There are 2 protein chains.
Amino acid sequence: MEYPSRLIEEAVNQIAKLPGIGKKTALRLVLHLIKGKEIQTYALTDSLNNLRANIKFCSRCHTICDGDTCSICASHRRDRGMICVVEDVKDVMAIENTAQYTGLYHVLGGIISPVSGIGPADLKIESLVQRLSPGQGSEPVREVILALSPTMEGDTTAFYINRRIKDLDLRISVIARGVPVGGDLEYADEITLGRSITGRTLFN
Amino acid sequence: MEYPSRLIEEAVNQIAKLPGIGKKTALRLVLHLIKGKEIQTYALTDSLNNLRANIKFCSRCHTICDGDTCSICASHRRDRGMICVVEDVKDVMAIENTAQYTGLYHVLGGIISPVSGIGPADLKIESLVQRLSPGQGSEPVREVILALSPTMEGDTTAFYINRRIKDLDLRISVIARGVPVGGDLEYADEITLGRSITGRTLFN
């Protein structure tokens, strides 16, 4: 498509680099910004620049935070005996929203994916092992919960982490797999349904 | 939703002000920017700041352009006897893409919409009348094509413009309404189908 202005073309190309946004949507957003007040565009760009320049990661669990230690690691009301291993900060937010977990987290920053060229060294696995191993900087952890996506990559990552920490004196668990609550049994795929039968729990 | 960082919350709120982007999508975009290189974020924000600070509108047709006059108004290969009146620059781009029109444009910058509080004075209607009226700054126009959306607001705007310029010595036309090319007759709504019958043209 030919754009009436070089400035528009550049802005559209930049916005279209974002995931899930094509050139047509990008153009709609650009024209929206041109139509609106200047201050709106500057507020947007300032917040993004500010974010990119000042964002920090927790020195213990590697989640995104404003300071050196995140509010969860800093809280005295969290159970320091449990660490939930997740892929990224979105998972932390999702689990926090359930209000069912009171322990700490460890954010890997991705999962092992040979297709995308991401190996164990690219993730915060060494730092997890260090948090759990006896010695300096170790934490009094009883249980590690592997809360990774139920995919090939997630399983590979869980398998690798399990191998790295299985000799330590702690419980290693994974989140339950089965039919989603509110889902129709009829529409569950056979692997999920099979797992929900082999992984059945006592009715109580 | 609670965000792990004030910076993230601010960026999400700013992005979610854009049309068609909710908080969940905004968070996904923000996390994408954090994961990527810093330079990517700065390239995006620079292009938007640059756009907002330097964007210009053509002094004749009011479309978006880089200089004082747009490339269409400046071109010597365009038919200066025709002016196509459209709502905004997206319509200019869409009509240019058809490669069926060789005249000039006039971008109103919106359409009359009492619901949104947009009246004739908010649009570039006065400047259109001036382009067409005999006297200083007038152009040798034979025909004005009203290419506005086939909606209540578009019809109102076309009606208003027609009233303002009908006494001038020129042809006023509107783009054809009918069944879309490639569309199934069965699925055309009755108003469109009705218009396609009353507005039928000679075969060949």
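Residues numbered from 1 in each chain as written. Chains lettered and ligands numbered in written order. Predicted model: local features only at pLDDT ≥ 70, side-chain atom pairs only at ≥ 80, totals over all residues. Heavy atoms only, no water.

Trainee: Would you take a moment to explain the overall build of chain A for this structure?
Mentor: A count of helical and extended segments in chain A gives eight helices and six strands. When the helices and strands of chain A are listed from N to C terminus, the series reads α-α-α-β-β-α-β-α-β-α-β-α-β-α. For a compact globule of 204 residues, the expected C-alpha radius of gyration is about 17 Å, and chain A comes in at 22 Å, more than 25% above that figure. Dimensions of chain A, computed from C-alpha atoms along their principal axes, come out at roughly 65 × 50 × 35 Å. Counting every position in chain A, which comprises 204 residues, the buried fraction comes to 42%. When contacts within chain A are restricted to residue pairs at least 6 apart in sequence, those whose partners lie at least 24 apart make up 47%. (Helix = DSSP H or I, 4+ residues; strand = E, 2+ residues; numbered from the N terminus. Rg over C-alpha atoms; globule rule 2.2 N^0.38 Å. Buried < 20%, exposed > 50% of the residue type's maximum accessible area, 1.4 Å probe, protein only. Contact = heavy atoms within 4.5 Å.)

Trainee: Even after reading the chapter, I still don't get the UniProt feature "zinc finger region: C4-type" (unreviewed entry) in chain A, so can you show me in this structure?
Mentor: Cross-referencing UniProt, the feature "zinc finger region: C4-type" (unreviewed entry) maps to residues 58-73 of chain A in the present numbering. Each end of residues 58-73 of chain A is marked by a C-alpha atom, and these two atoms are 8 Å apart; helix forms 19% of the span and strand 12%. (UniProt positions renumbered as here; feature names shortened; annotations may be inferred.)

Trainee: Which parts of the structure should I look at to understand the packing of helix α2 (residues 23-35) of chain A against helix α3 (residues 38-54) of chain B?
Mentor: Between two packed helices, what matters for the description is the angle formed by their axes and the separation of those axes. Between α2 of chain A and α3 of chain B, the least distance of the axes is 10 Å, while the angle of their chain directions is 45°. What the angle tells us is that α2 of chain A and α3 of chain B run oblique. Seen from above, α2 of chain A lies across α3 of chain B with right-handed handedness. For the pair α2 of chain A and α3 of chain B, contact is made by V30, L33 and I34 of chain A and by L48, L51 and R52 of chain B, respectively. Class assignment for the residues of the contact of α2 of chain A with α3 of chain B results in five nonpolar, no polar and one charged. (Axes fitted to C-alpha atoms, helices over the stretch in contact; angles between N-to-C directions. Parallel < 35°, antiparallel > 145°, perpendicular 65-115°, else oblique. Left-handed = near helix turned anticlockwise from the far one by under 90°. Nonpolar A, V, L, I, M, F, W, Y, C, P; charged D, E, K, R; others polar.)

Trainee: How should I be thinking about the domain arrangement of chain A in this particular structure?
Mentor: When the parts of a complex come together, some accessible area is lost, and that lost area is often used as the size of the interface. Each assigned domain of chain A is listed here: domain 1 (6-54) and domain 2 (64-174). Computed from C-alpha atoms alone, the centre-to-centre distance between domain 1 of chain A and domain 2 of chain A is 34 Å. (Domains from an automatic or database assignment.)

Trainee: Even after reading the chapter, I still don't get the confidence of the model for chain A, so can you show me in this structure?
Mentor: Caution applies to low-pLDDT parts of the model: their predicted coordinates are not meant to be read in detail. The predicted model of chain A averages 90 in pLDDT, with 99% of residues at 70 or higher. Per-element confidence in chain A ranges from a low mean pLDDT of 83 for helix α8 (residues 190-198) of chain A to a high of 94 for strand β4 (residues 103-107) of chain A. (pLDDT = per-residue confidence, 0-100.)

Trainee: I would appreciate a short explanation of the nonpolar core in the present structure.
Mentor: Across soluble globular proteins, you tend to see nonpolar side chains buried next to one another. Counting 44 residues, the largest nonpolar core has I8 and I15 of chain A together with I8 and I15 of chain B as the members making the most contacts within it. Contributions of two or more residues to this core are made by α1 (6-15), α2, α3 (38-54) and α5 (89-98) of chain A together with α1 (6-15), α2 (23-35), α3 and α5 (89-98) of chain B. Among all residues touching I15 of chain B, those that are not within four sequence positions of it are L44 and L48 of chain A together with I21, A26, L29 and V30 of chain B. The next biggest cluster of nonpolar side chains, apart from the first, holds 37 residues, and it includes C84, Y105, I112 and L123 of chain B. (Core = buried A, V, L, I, M, F, W, Y, C linked by side-chain atoms within 4.5 Å.)

Trainee: It is not clear to me how the interface of chain B and chain A should be interpreted in this structure. Could you clarify?
Mentor: The interface of chain B with chain A comprises 53 residues on the first partner and 53 residues on the second. When the two sides are added together, the surface that chain B and chain A hide from each other amounts to roughly 5,000 Å², 70% of it contributed by carbon and sulfur. For chain B, the biggest contributors to the area lost against chain A are L7, R52 and M93 of chain B; these three give 15% of the whole. For the pair chain B and chain A, the interface holds twelve residue pairs in polar contact (both at pLDDT 80 or more). (Buried area = accessible area lost by both parts, 1.4 Å probe. Polar contact = N/O pair within 3.5 Å; in protein donor to acceptor, adjacent residues only side chain to side chain.)

Trainee: Sorry if this is basic, but what is going on with the pattern of salt bridges here?
Mentor: All names here are of chain A. What the rule picks out here adds up to twelve salt bridges over all chains. One salt bridge connects R142 with D79, and the closest N-O pair in it is separated by 3.0 Å. Of this pair, R142 sits in the loop between α6 (125-132) and β5 (143-146) while D79 sits in strand β3 (residues 79-86), placing them 63 residues apart in sequence. The exposure class of R142 is partly exposed, given its relative accessible area of 49%. Taking relative accessible area as the criterion, D79 reaches 24% and is therefore assigned partly exposed. Taking the shortest distance from any N to any O, the salt bridge between E143 and R171 comes out at 3.7 Å. In this pair, E143 is assigned in strand β5 and R171 in strand β6 (residues 171-174), connecting sequence segments 28 residues apart. With a relative accessible area of 13%, E143 lands in the buried category. According to the relative accessible area criterion, R171 is exposed, its value standing at 56%. (Salt bridge = Lys/Arg side-chain N within 4 Å of Asp/Glu carboxyl O.)

Trainee: Explain the pairing of β4 of chain A to me, please; I cannot follow it from the model alone.
Mentor: Residue and element names in this part refer to chain A. Of all five residues in β4, five are buried; the element is thus mostly enclosed. As defined by bridge partners, β3 adjoins β4 across five bridges and the pair is classed as parallel. Residue pairing across strands places V85 opposite H106, the latter belonging to β4. (Pairing = 2+ DSSP bridges.)

Trainee: Please clarify how the relation of the copies chain B and chain A should be interpreted in this entry.
Mentor: These two copies of the chain differ by a rotation about an axis and a displacement along the same axis. Between chain B and chain A, which share one sequence, the superposing operator has a rotation angle of 180° and an axial displacement of 0.1 Å; the RMSD is 0.1 Å. Seen this way, the second copy is the image of the first under a two-fold rotation axis. Of the C-alpha atoms belonging to chain B, the one lying closest to the rotation axis is found on T45 of chain B, 2.5 Å away. A symmetric contact is evident, with 100% of the interface residues of chain B recurring at the interface of chain A. (Least-squares fit on C-alpha atoms with pLDDT ≥ 70 in both.)

Trainee: Help me understand the sheet that holds β6 of chain A, please; the structure alone is not making it clear to me.
Mentor: Neighbouring strands of a sheet are bound in pairs by backbone hydrogen bonds; such pairs are parallel or else antiparallel. Residues and elements named next belong to chain A. Read across the sheet, four strands follow the order β4-β3-β5-β6 without closing on themselves; strand pairing throughout is parallel. Bordering the open sheet on either side are β4 and β6, each of which pairs with just one other strand. Averaged over all pairs of adjacent strands, the angle between their axes in this sheet comes to 25°, without regard to strand direction. Pairing geometry for β3 and β5, over four bridges, is parallel.

Trainee: Could you clarify how one ought to interpret the environment of V92 of chain B in this entry?
Mentor: Residue and element names in this part refer to chain B. The topology assignment puts V92 in helix α5. Relative accessible area serves as the criterion here: at 5%, V92 is assigned to the buried category. Along the sequence, V92 and V107 sit 15 residues apart, while their C-alpha atoms lie 8.0 Å from each other. When sequence neighbours within four positions are dropped, the list of residues in contact with V92 reads T63, I72, V86, Y105 and V107.

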